Amino acid sequence: MSHFSPSACVDYFFNYFLMKGVLVTIGLTAAGVAGGLVLGMAIALMRMSGNAVLHGFARAYVWFFRGTPLLIQLVVIFTGLPQLGIKFDVITCALVGLILNEAAYLAEIVRSGFMAVSPGQSEAAWALGLPKSVTFRRVTLPQAFRLMIPPLGNSVNSLLKATSLASVISVEEIMRRSDMLMQEHFQILEVYAAATAYYLILTSLWDLAQRRLEKHFGRSTAARAPRTLARAPVILEARA
Amino acid sequence: MTAAAQDLEAVKMEAVYKYYGDFPALTEIDLKVAKGETVVICGPSGSGKSTLIRCINYIEKHDQGLIYVNGIQLDNQPKNFDAVRRATGMVFQNFNLFPHMTILDNCTLAPMTVNRLGKDAAKELAMHFLTKVRIPDQAGKFPGQLSGGQQQRVAIARALCMQPKIMLFDEPTSSLDPEMVKEVLETMKKLTEEGMTMICVTHEMGFAREVADRIVFMNDGRIVEQAPPADFFTQPKSERARTFLDQVIR
């Protein structure tokens, strides 16, 4: 006996219960990126600072959170930490886990962005007398950010899908609510087809947004001639 | 030294040493530059010319010796090196314009944030100096849309917007196409004529001969000789300067 009901797919797609799960997925992703960027920036700055302790801490942080599965991190935060008397509600657990994990990836992206900005940019800013804070905010950060957008976009895409892991600790996002619908009606393919459609729509929308961001931040370099690369200095003959 | 003599000095370096690891980049540098003077520093690659000029505004930190700029002693106190950086303008080999800002914003950023100038006043100032380097019609463009020569003239205008007492040029024409060198050199020449104190690292011997008050010749991190251009080009004292001139002047 095989049966598949396309109309049920449509019904699940417009299911209000599932739609609310979509909002939770969007919320987790947005908060994960925002929190991850702030924390990731801090980790990257520690890593780039001359201070050995901060540098070591940042390296250890990235090593740990990139080296362990997000699933374990979430489960430990939700079910392990209460053993030590540290308890959060389930959404907070998911956010803490996602942000801690995302920050490790974004820290590396932020760092590579800053390393790609020519040191001559900071030197020119200092030579003009600009304080370090202004040099960072107005000169190096905007240029580094432009370089960060493509890898950042990838990372947001991954995070969007990784929020489905939060279903394991019972956060009612798309995946969890699909499971619940499936267990109620046993229309496995129909429910997951609707969930899959939502993930595809969300990742496609993000692709569009990313392209617009790249265009916006790339506007100053769109017309750049390829010859801004420095050439070897030439000793010129006398012109007198 | 009397106060009056100090007043006449824009830059004074006394027994300055600078090392990169164990490598001595500058050795026993003694250099005085008077106000209004134009000094050209020349010498072979790796002789310490750029390092010397970059020590004057504390982009590089010297390891030993004393540097006074405009009477201010350069040390690791931000108060002092900030004052020195405000008193000096610098032009780099690779222009180092801020590529994400328009030409106008490149010029107004420092006056607005450092000197707390209003937006309109900063714009007026920027347009004044952009006009001076003959490039006011490009104010709304981004650096990547300009030729190398135009970019370097913008870099000069950007530095002038901070109304520096001393201008430092670090091989300003070395990454330019040959046909763009002249427009930059002429802008520099105009500055000299207006009495700006200038220290230029350059391989443009024609410019040095015509515009410099004094040539400083460096080799292996030391100042080998200093002389007015007429003497330096016709009767260099050191053997090293003679072989250098044989190579660059044909």
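Summary of the structure given here. Counting of residues starts from 1 at the beginning of each chain's written sequence and follows it residue by residue. As they are written, the chains are lettered A onward and the ligands numbered 1 onward, keeping that order. pLDDT decides what is reported in this predicted model: residues at 70 or higher carry local features, side-chain atom pairs at 80 or more are listed and counted, and totals for whole chains, interfaces and linings draw on all residues regardless. Computation of side-chain values: all heavy atoms of the structure, hydrogens and water removed.

As a further point, take the sheet that holds strand 6 (residues 88–91) of chain B. What holds strands together in a sheet is hydrogen bonding between their backbones, with the strands either parallel or antiparallel. All names here are of chain B. Strand pairing follows a simple DSSP-based rule, namely that at least 2 bridges must link the two strands. Every helix listed is a DSSP run of H or I at least four residues long, and every strand listed is a run of E at least two residues long, numbered separately from the N terminus. With mixed pairing, the six strands of this open sheet are ordered in space as 6-7-8-3-9-10. Unpaired on one side and paired on the other, strand 6 and strand 10 (222–227) mark the two borders of the sheet. Taken pair by pair, the neighbouring strands of this sheet meet at an average axis angle of 20°, ignoring direction. Of the strand pairs in this sheet, strand 6 and strand 7 (residues 166–170) are connected by four bridges, and their pairing is parallel. Paired with T88 across the bridge in strand 7 is I166. Contacts are residue-level and defined by heavy atoms, with any inter-residue pair within 4.5 Å sufficient. What counts as an axis is a line fitted to C-alpha atoms, over the stretch in contact for a helix, and the angles between N-to-C directions run from 0 to 180 degrees. Each of strand 3 (38–42), strand 6, strand 7, strand 8 (197–201), strand 9 (214–219) and strand 10 touches helix 2 (residues 49–56); the most contacted strand, strand 7, lies at about 150° to it.

Moving on, we get to the packing of helix 1 (residues 6–13) of chain A against helix 9 (residues 188–217) of chain A. Residues and elements named next belong to chain A. One way to put it is that helix 1 packs onto helix 9 with a least axis distance of 8 Å and a crossing angle of 55°. With respect to helix 9, the axis of helix 1 lies oblique. Note on packing geometry: the crossing formed by helix 1 with helix 9 is right-handed. Of helix 9, the residues touching helix 1 (which contributes A8, C9, Y12 and F13) are E190, V191, A193, A194, A197, Y198 and I201. Each residue is assigned to one class: nonpolar for Ala, Val, Leu, Ile, Met, Phe, Trp, Tyr, Cys and Pro, charged for Asp, Glu, Lys and Arg, and polar for all the others, Gly among them. Classifying every residue of the contact of helix 1 with helix 9 gives 10 nonpolar, no polar and one charged. Angles are sorted into four bins: roughly parallel if under 35 degrees, roughly antiparallel if over 145, roughly perpendicular if 65 to 115, and oblique for all others. Rotating anticlockwise by less than a right angle from the far helix to the near helix defines a left-handed crossing, while the corresponding clockwise rotation defines a right-handed one.

Glancing now at the pattern of salt bridges. Any Lys or Arg side-chain nitrogen located within 4 Å of an Asp or Glu carboxyl oxygen qualifies as a salt bridge. This structure, assessed with the given rule, holds 12 salt bridges over all chains. Among the ionic pairs, A:R47 bridges to A:E108, the shortest N-O distance being 3.1 Å. Of this pair, A:R47 sits in helix 2 (residues 16–48) while A:E108 sits in helix 5 (residues 90–115), placing them 61 residues apart in sequence. Here A:R47 matches A:E108 in class, with each residue buried. Two residues, A:R177 and A:E172, come together in a salt bridge whose shortest N-O distance is 2.8 Å. One salt-bridge network, held together by shared partners, links A:E123, B:K18, B:R54 and B:E60. Burial classes: relative accessible area under 20% of the type maximum marks a residue as buried, over 50% as exposed, and values in between as partly exposed (1.4 Å probe, protein chains only).

Glancing now at the environment of A:T25. All names here are of chain A. Mapping T25 onto the fold places it in helix 2. For the pair T25 and K161, spaced 136 residues apart in the sequence, the C-alpha separation amounts to 8.8 Å. Not counting chain neighbours up to four residues away, the residues in contact with T25 comprise L160, T163, E173, I174, Y199 and L202. A distance of 3.2 Å separates a polar side-chain atom of T25 from the backbone nitrogen of I174. For this analysis, a polar contact is any N or O atom pair within 3.5 Å, provided that within protein one partner can donate a hydrogen and the other can accept it, and provided that sequence-adjacent residues contribute only side-chain to side-chain pairs.

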